[in-house]
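Single-letter residue listing:
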Amino acid sequence: MKSNKSLIVFSTVFLICLFGSTTLTQSLSHDIPVIKEQVVLSHVEDGHRVEVTIPTYLSDLSDYLGISATIANTGSHLCQIDGFFNGRPNIGSTVYLYPGEIKTMEVLFKRMTERDTTYFPAMNGLPGGSLLHWDAVHTNPATAERITFIISTKDKGSVIISDIKPYGKYKNPEMVASREGFFPFIDKFGQFKHDTWPGKVYSVSEMKQAIDNERHEISKIPSPEGRNRFGGWAEGPRLESTGHFRTEKVDGKWWLVDPEGYLYWSHGLTCVRFNNAYTRISEREHFFEELPSENDLLYDFFSNNNFNFTAANLYRKYGEDWKEKSTINVLKRIKSWGLNTIANWSDPDIYLYHENRIPYTVNISGPWPRLDGKDFKFPDVFNPRFREVVAQAMQNNGAKTKDDPYCIGYFIDNELSVSNLTMRLMNQPANGFAKQAFIEYLKDKYGTIQKLNQSWSTSYANWGVLEQLTELPDQAADDGKEFDVVIADLYHKICREELKRVAPHKLYLGSRIHGNQVDFIKSAARYCDVVTFNRYNFTVERLTLPEEFDLPTMIGEFHFGALDRGHFHTGLQSVANQEQRADAYYHYVKGALTNPQIVGTHWFQYGDQAFTGRGDGENYQIGFVDIVDNPYPEIVEAARKIGYQLYEIRAE
């Protein structure tokens, strides 16, 4: 048998021979223009970046779906290669390569900036390749400038990036919609009619056969060994048991500690529920090949001109007692897949089910009074009603779980808008609670209106003038930033107090921060038991709190999707196929396990969204299961691969 070193040398020589031929590259891609034939990186440091300029004669790539590249690892270490378009890391992809491996990266263009279109309203991803993304305004493929590659490696890495070129044919919505026979394009199961893929269902009998197949699989792999009833590390050290989840730092790493005192790392799924493929029907009836009539049993899955394809398909699969059978099955699935947490947005009927229980988190939200008096996504924390609503929401959603040992804790709110809070409150009327609080803050700081005028270079006659302002002068920026912190601290203080008043032994898990607003993160760290982030990146291995804070953190959401299973949108992070999606999942969680502050990762979400979109248009391929309840085998195996060795990796 050859040594590993010999294999690496052989692979390297083979790859160099393969990719070193310009003639071969050209012959393989004669029908598509090549942006650059080859980039060779030898023994480069971690984080090395290379930019490939797109020639001006190819700068309009709007006829294509994206840019692809063939990448080979010619070094001796695992490498992660990220690629992104026009300097925008949010429009990118990634591949992981062991020595000798070759993979194709696809950087998919995101070109839609508005949700609604004439032909496909309320869909974020459209047939033909139009995908909505908030960063799309900066990534118009008609103004292609460059593609950037970044190599991440534990040691110096060597790769060959070859055959960098556009790929796929883009079709605009009008062209797709005008094609004869295109409508209806959704079959009775909620799937795209005009494509085939592994796992697509064509009959109810196929769905029923899947029950037996999955039962057999789960019976062989029911759950990882060495776990207690909470999924904690029964073979690891045992600490003080309190009957509730708590946090503790052990050997330089933060952990959750389960109610029995065992170390616990939260490996979870959000949206464990049976309505993920809930979609609007009204004014889009022509999308659908077959919908149930009023005398059909499936008609019960209509609600307010929306149809729940998830539940309808589970009814087809299991019959009248579909919900209980599906609940029992999903609890078995989660354990078999190496997961141990039912995370945010999940159905209480599932996580409170009396058998085969799994730890869970709960979301608390309510009709908060808004900071701007309108619709800005942050509450007016000075309005007494805010505390009242938080207290009531905790009573409604926390009282029944406060003594349940399986309840890890509570998130309050989700992805708040936390920039320029003081600027937003200036939109309140003169007697607005937050505006009055800001004026009192300025009075305490300056004492007189004359001193404030001196600082702001203004000439206000009295304090009452500030009540009429709807925006602040530029010179007030420092005061606004300081008061932003006052607002954030009061927000977290009230949330913590009301949570602990109802559930004193449960963890305050924060608001799942989506962004890098340092002052708000610091405020969260002052009050939360665990600071949570929704992080749609390809890695969180190096995510840390500001230097002065050493606390546990958690990832509340992340995901990756692809277009190889009929869907029209990948979600917020795109990869080429299900195999790369599984790779990205495994390495994301593994990187989190090596981060001493992170105590859990929660994937968004359990089931795929409807092909035709949920209420806000999201129609992402982001599930562990598809719309007909078939698990994606690639990501399930990735979850098992990391989940079954979860604690051994964490303890390394």
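To be clear, the structure that these remarks concern was listed above.
Residues numbered from 1 in each chain as written. Predicted model: local features only at pLDDT ≥ 70, side-chain atom pairs only at ≥ 80, totals over all residues. Heavy atoms only, no water.

### Digging into the side chain of Ser511
Of note, Ser511 is situated in the loop between β21 (507-508) and α14 (518-527). Leaving out residues up to four positions away in the same chain, Ser511 has contacts with Ile412, Asp413, Asn414, Glu415, Leu416, Tyr491, Phe520 and Thr532. (Helix = DSSP H or I, 4+ residues; strand = E, 2+ residues; numbered from the N terminus. Contact = heavy atoms within 4.5 Å.)

### Section: helix α11 (residues 449-456)
Quick reminder: α-helices carry 3.6 residues per turn. Residues three or four places apart thus point the same way. Among the residues of α11, those classed as buried are Ile449, Leu452, Asn453 and Trp456. Burial along α11 is one-sided: seen end-on, the buried residues are contained in an arc of 100 degrees. Projecting away from the buried face of α11 at angles above 90 degrees are the exposed residues Gln450, Lys451 and Gln454. Positive phi shows up at Ser457, right after α11, with a value of about 60 degrees. (Buried < 20%, exposed > 50% of the residue type's maximum accessible area, 1.4 Å probe, protein only. Arc of directions from axis to C-beta.)

### Things to note about unusual backbone geometry
The omega angle of the peptide bond from Phe183 to Pro184 is -5 degrees, so this bond is cis rather than trans. Mapping Pro184 onto the fold places it in the loop between α3 (173-177) and α4 (204-220). Here Phe604 and Gln605 are connected by a cis peptide whose omega angle stands at 20 degrees. Within the secondary structure, Gln605 sits in the loop between β24 (598-603) and α16 (633-643). The phi angle at Cys271 is positive, at roughly 55 degrees, despite the residue not being glycine.

### Quick look at the sheet that holds strand β2 (residues 48-53)
A sheet is described by the order of its strands in space; here four strands give the open sequence β2-β9-β4-β5, paired in antiparallel fashion. Of all the strands in the sheet, just β2 and β5 (88-97) have a single pairing partner and so form its edges. Pairwise comparison of adjacent strand axes, ignoring direction, gives a mean angle of 20 degrees for this sheet. (Pairing = 2+ DSSP bridges. Axes fitted to C-alpha atoms, helices over the stretch in contact; angles between N-to-C directions.)

### Considerations on the packing of aromatic side chains
Summed over all chains, the structure comprises 52 aromatic pairs. Judged by centre distance (4.9 Å) and plane angle (80 degrees), the rings of Phe307 and Phe309 are edge-to-face. The lysine or arginine in question, Arg581, covers the ring of Tyr632, its NZ or CZ lying 5.2 Å from the ring centre. Here Arg650 stacks its cationic end above the ring of Trp255, 5.7 Å away from the centre of that ring. (Phe/Tyr/Trp six-rings, centres within 6.5 Å; stacked < 30°, edge-to-face > 60°. Lys NZ or Arg CZ within 6 Å of the ring centre and 35° of its normal.)

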